Amino acid sequence: HPPLAVAILAQVPNSPARSRKRLVHIAPQACFKMQNDEGRIVDLYLPRKCSATNRLIPAKEHGAVQLNIGQVDEQGRYTGEFFTFALAGFIRQRGEGDSCLNRL
């Protein structure tokens, strides 16, 4: 497959509203990938999924919560490991957060 391209548009001042944007540059998609110091490709945003419904949780949803539940050993001491659960806002709004966590 040929590399994907991203078009960069710029606003042109003093032009009619429908022709205000013009194509400035077309760059290959590969140059926009984020890499850390080790050379691994990392993304800026990784979407979360609701643990109860497997639906994606949007970035702007303020009703969603993420819980880290720690594991304990036989004496009841924290082992340093944990499970992460994410609940979407609509589950919490319907009052089903407790039952979903019990089910998980």
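Residues numbered from 1 in each chain as written. Predicted model: local features only at pLDDT ≥ 70, side-chain atom pairs only at ≥ 80, totals over all residues. Heavy atoms only, no water.

Chemist: Would you take a moment to explain the pattern of salt bridges for this structure?
Modeler: Two side chains carrying opposite charge are able to pair once their charged atoms lie near each other. Tallied over the entire structure, the rule returns two salt bridges. Notably, a salt bridge pairs Arg77 with Asp73, separated by 3.6 Å at the nearest N-O pair. Since its relative accessible area comes to 52%, Arg77 is described here as exposed. Note that Glu96 is salt-bridged to Arg94, the shortest N-O span being 2.9 Å. For Glu96, a relative accessible area of 28% translates into the label partly exposed. (Salt bridge = Lys/Arg side-chain N within 4 Å of Asp/Glu carboxyl O. Buried < 20%, exposed > 50% of the residue type's maximum accessible area, 1.4 Å probe, protein only.)

Chemist: How should the environment of Ser51 be read in this particular structure?
Modeler: Structurally, the position occupied by Ser51 is in the loop between strand E5 (48–49) and strand E6 (56–57). Between the C-alpha atom of Ser51 and that of Leu104, which follows or precedes it by 53 residues, the distance is 7.9 Å. Dropping the residues within four chain positions of it, Ser51 is found in contact with Thr84, Phe85, Ala86 and Leu104. (Helix = DSSP H or I, 4+ residues; strand = E, 2+ residues; numbered from the N terminus. Contact = heavy atoms within 4.5 Å.)

Chemist: It is not clear to me how the pairing of strand E7 (residues 65–72) should be interpreted in this structure. Could you clarify?
Modeler: Residues in a regular strand project their side chains so that they alternate between the two faces of the sheet. Sheet analysis places E7 next to strand E8 (residues 78–87), joined by seven bridges and oriented antiparallel. Bridge pairing in E8 links Ile69 to Phe83. The hairpin turn running from E7 into E8, its antiparallel successor, is five residues long, and Gly76 in that turn takes a positive phi close to 85 degrees. (Pairing = 2+ DSSP bridges.)

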